[in-house]
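Residue-level listing of the chains:
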Amino acid sequence: MNTVLQQELLRFNKLLTTVIKSLQQLSKAIEGLVVMSAELEEVYNKMFDNQVPDLWHKVAYPSRKPLGSWINDLIKRLQFMDKWIAEGAPNTFWISGFYFTQSFLTGTLQNYSRKTEIPIDTLAFDFYVIKKENDPLCDITKAPEDGCYVYGLFLDGCRWDNEEMVLAEPYPKILNYEMPYLWLQPR
């Protein structure tokens with residue numbers, strides 16, 4: 001999983017560099033020290049309208065959030081990565097916090113493939129929804145033997161029924177539901 005972490009950090013560093021440089025240049029342009037280019041004017045206008053500038057979107061993860069929520073989300077993603085660096089791979093992974101989720105999923109299959117010597121192209125995932133945080137079948141306080149525990153997925157147009165362990169009709173006036181933890185188990 002170190003390769004996945006390295007790839008994610010490269011993407012985040014590129015984004016942070018773009019954000020910092022554009023803000024520094026914008027500050028200088030506002031002070032009159034440099035010319036206000038069309039690109040900097042677009043950054044200024046988007047920020048004024050609480051939107052993420054296109055310059056940042058070009059190097060950022062997919063998101064439709066307004067600027068304030070986008071910044072908060074970026075901070076959470078960076079904190080997740082920082083904790084991973086400081087403490088090692090987490091027991092549970094915030095799957096929607098990745099830039100490129102597919103590389104994380106492939107890395108999980110690759111680890112299992114190396115362990116079992118089964119070709120990776122023959123592997124797939126079984127998905128087990130963890131009933132609650134103290135599920136006797138899955139202890140999310142420690143990493144699973146195979147696969148990974150993930151969180152951060154949402155349902156739209158339905159909800160998860162923890163009692164019946166099935167998708168169910170949504171309650172009125174609630175648009176999105178957070179899924180419980182999932183165990184992605186290679187097979």
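Right above here is the structure, for reference.
None of these values were measured; they are calculated from a predicted model.

Caption draft 1: Local environment of helix α1 (residues 2–31). Counted at 1.5 Å a residue, the expected span for α1 with its 30 residues is 44 Å, and the 43 Å between its end C-alpha atoms agrees. Against α2 (38–48), α3 (54–57), α4 (67–87) and α5 (101–116) lie the buried residues of α1. Positive backbone phi, approximately 85°, marks Gly32, located one or two places after α1.

Caption draft 2: Here's a closer look at unusual backbone geometry. With a phi angle near 60°, Met165 is a residue other than glycine that sits in the positive phi range. The partly exposed category is assigned to Met165, whose relative accessible area is 27%. For Lys173, which is not a glycine, the phi torsion comes out positive at approximately 70°. Turning to its location among the elements, Lys173 is positioned in the loop between β6 (166–168) and β7 (176–178).

Caption draft 3: Broad picture of α2. Within the span of α2, buried status applies to Leu40, Glu42 and Val43. Down the axis of α2, the smallest arc covering the buried residues is 155°, so these residues share one side. Exposed side of α2, more than 90 degrees from the buried face: Ala38 and Phe48 are the residues found there. Packing partners of the buried residues in α2 comprise α1 and α3. The positive-phi residue at the C-terminal boundary of α2 is Asn50, with phi of around 60°.

Caption draft 4: Fine view of the packing of α1 against α4. In contact at an axis separation of 11 Å, α1 and α4 are set at 140° when each is read in the N-to-C sense. One element, α1, and the other, α4, form an angle in the oblique class. In terms of crossing hand, the pair formed by α1 and α4 is left-handed. Counted together, Val4, Leu5, Glu8, Leu9, Phe12, Leu15 and Leu16 of α1 and Trp70, Leu74, Arg77, Leu78, Met81, Trp84 and Ile85 of α4 form the full contact between these two elements. Of the residues in the contact of α1 with α4, the class split is 12 nonpolar, no polar and 2 charged.

Caption draft 5: Geometry of the pattern of salt bridges. Evaluated as defined, the whole model comprises 7 salt bridges. Asp54 is the partner of Lys46 in a salt bridge, and the nearest nitrogen-oxygen pair spans 3.7 Å. What makes Lys46 partly exposed here is its relative accessible area of 21%. Shared partners join several salt bridges into a network, and the residues in it are Lys65, Asp73 and Arg77.

Caption draft 6: Representation of the pairing of strand β8 (residues 182–186) in the model. When you tally the buried positions in β8, you get 4 out of 5 residues, the bulk of the element. Relative to β8, strand β2 (residues 125–129) is paired through 5 bridges, and the arrangement is antiparallel. Considered in β8, the bridge of Tyr128 is made with Trp183. When strand β3 (residues 148–151) meets β8, the two strands line up antiparallel, connected through 3 bridges. Looking at the pairing, Tyr149 lines up with Trp183 of β8.

Basis of the calculations
Residues numbered from 1 in each chain as written. Predicted model: local features only at pLDDT ≥ 70, side-chain atom pairs only at ≥ 80, totals over all residues. Heavy atoms only, no water. Helix = DSSP H or I, 4+ residues; strand = E, 2+ residues; numbered from the N terminus. Expected span 1.5 Å × (residues − 1). Contact = heavy atoms within 4.5 Å. Buried < 20%, exposed > 50% of the residue type's maximum accessible area, 1.4 Å probe, protein only. Arc of directions from axis to C-beta. Axes fitted to C-alpha atoms, helices over the stretch in contact; angles between N-to-C directions. Parallel < 35°, antiparallel > 145°, perpendicular 65-115°, else oblique. Left-handed = near helix turned anticlockwise from the far one by under 90°. Nonpolar A, V, L, I, M, F, W, Y, C, P; charged D, E, K, R; others polar. Salt bridge = Lys/Arg side-chain N within 4 Å of Asp/Glu carboxyl O. Pairing = 2+ DSSP bridges.

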